[in-house]
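Reading the structure
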Amino acid sequence: MRLPHLRPLLACAVLCTFLTGGGMAQTFGPVITVNGTAITGFELDQREKFIRALRLPGDPASLARNALIEDRLKNQAAAAAGLTAGPDEIEQGLAEFAGRANLTTEEFIRALDDEGVAPETFRDFVRSGLLWRALVQQRFGPRARVSPAEVERALALAGTQSGARVRLAEIIIPAPPEQRIEAEGFIEDLRERIRTEADFTSAVQRFSAAPSRNTNGLRDWIALAELPGPLAQTILTLAPGEVSPVIPLGGQALALFQVRGFQETALQTQPTIAADIATLPLSTDPEAAARLRAQLAREIDVCDDLYGLARNLPEGVLQREVYAAEDIPRDLAVAIADLDNQETTEILGATGPIHVMLCARTTALTEDAEGTIERQLVNRRLASYAENYLEELRADATIK
């Protein structure tokens, strides 16, 4: 079993939820000490395999060393503060992390085992994250509070977003983990050969695997506020006709976007703060996928209709989840950016195309907007405090 969609999982779960940072011979002797506490060769080897299993970008050996040093610093600081993580809390943390890959804890552990990762490695990783989260909350929680005036300013900003919109054309290339390196080389080479809109359109027709290939890659006008933040920032640096760098879309696809135009409207765009999204995998068999698409078109008008159709499908294939805006996987966020409620599209998944339906979009100015904005501001402030505190711990540590 391979671990699906884990690059967006790590971007959120490692950096936000847990606030955590080649082959080493498997030895149980110490190879690094952090304030006198040992890290063994076995631990380094296991963390490196864990990082490879999660498909984290970067050098696994360097990432493993840095992450384990940071874990030791976090655990030591938590112990000094008298914090512990009980068995029930750890089990809940395991389930939370595995759930971000749409797996149970047992399924996630089995998938890790296929990659040579012991359950204890996963458990130690989660335990460190939980301790660090508790320590950050204990140490900085009171300082992270925001004033009513700050919330009001953020709400005012959210309510006065410009009506800036962008028209994009896209090329989506399948890039499953086992073909990732080849796909990255191919799409980088493709990008170098695109000079004009005609070149881009030709590449769409030859190579794109997205439904938008039927419109020469063109998407409807998209409010910039609906694009994932990093992608929106990238798009804003491009002039019409220019092509974006290669954009990863989850763990299964890579994308190129060409700007076709910008537009300012008198309408104010309320940023999305949450989205209710349903996903249903289609078959890798083109004929079976076509039959299911036809059935979806005939029978499905709103998301709730999907439950009736799913009764005749294997249990668990239909997934419906409400995501906070910052937690929407990038492939889904890009896919739904120009959708209205109850509209559909497709993305590339681990086993073939996935039918995506936007059930509902919650914008900033809703009944609970004030509470949502306040939580976002507090979380950002906590993340900043945590990062600075970890830098202090590392600067004061004795690492050999």
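Summarised in this report is the structure supplied together with it. (Residues numbered from 1 in each chain as written. Predicted model: local features only at pLDDT ≥ 70, side-chain atom pairs only at ≥ 80, totals over all residues. Heavy atoms only, no water.)

The subject of this paragraph is unusual backbone geometry. In terms of backbone geometry, most residues other than glycine have negative phi values and most peptide bonds are trans. Positive phi, close to 50 degrees, is recorded for Asn35, a residue that is not glycine. Examined against the element boundaries, Asn35 turns out to sit in the loop between β1 (30-34) and β2 (37-40). A residue is classified by how much of its surface remains accessible, and Asn35, at 40% relative accessible area, is partly exposed. Its identity as a non-glycine residue notwithstanding, Asn216 has a phi of 55 degrees, on the positive side. Looking at where Asn216 falls in the secondary structure, it is placed in the loop between α9 (197-207) and β4 (222-223). (Helix = DSSP H or I, 4+ residues; strand = E, 2+ residues; numbered from the N terminus. Buried < 20%, exposed > 50% of the residue type's maximum accessible area, 1.4 Å probe, protein only.)

Another aspect to go through is the side chain of Thr201. Secondary-structure assignment places Thr201 in helix α9. In this structure Thr201 touches Asn216 and Arg260, once residues within four positions along its chain are discounted. (Contact = heavy atoms within 4.5 Å.)

Tallying each qualifying case throughout the model produces 1 disulfide. A sulfur-sulfur distance of 2.0 Å marks the disulfide that ties Cys303 to Cys359. A torsion of -90 degrees about the S-S bond marks the disulfide between Cys303 and Cys359 as left-handed. Remark: Cys359 occurs in strand β10 (residues 352-363) and Cys303 occurs in the loop between α11 (286-299) and α12 (305-310); sequence separation between them is 56 residues. (Disulfide = S-S within 2.5 Å.)

The next point concerns the sheet that holds β4. Taken together, 4 strands build an open sheet; the order of strands is β4-β3-β6-β5 and the sheet is antiparallel. Every interior strand has two partners, whereas the edge strands, β4 and β5 (247-249), have only one. Examined bridge by bridge, β5 and strand β6 (residues 253-263) share 3 bridges and lie antiparallel to one another. Opposite Pro248, over in β6, you have Leu254 as the bridge partner. Sitting on the sheet, helix α8 (residues 180-193) is in contact with β3 (165-174), β5 and β6, with an inclination near 30 degrees to β6. (Pairing = 2+ DSSP bridges. Axes fitted to C-alpha atoms, helices over the stretch in contact; angles between N-to-C directions.)

Moving on, we get to the sheet that holds strand β9 (residues 344-349). If you trace the 4 strands from one edge of the open sheet to the other, you get β8-β7-β10-β9, paired in antiparallel fashion. The open sheet has two edge strands with one neighbour each: β8 (319-324) and β9. The mean inter-strand angle of the sheet, taken between neighbouring strand axes irrespective of direction, is 30 degrees. Across 9 bridges, the pairing between strand β7 (residues 272-281) and β10 is antiparallel. Counted as the bridge partner of Ala278 is Met357 from β10. Across the face of the sheet, α11 comes into contact with β7, β9 and β10 while running at roughly 130 degrees to β7.

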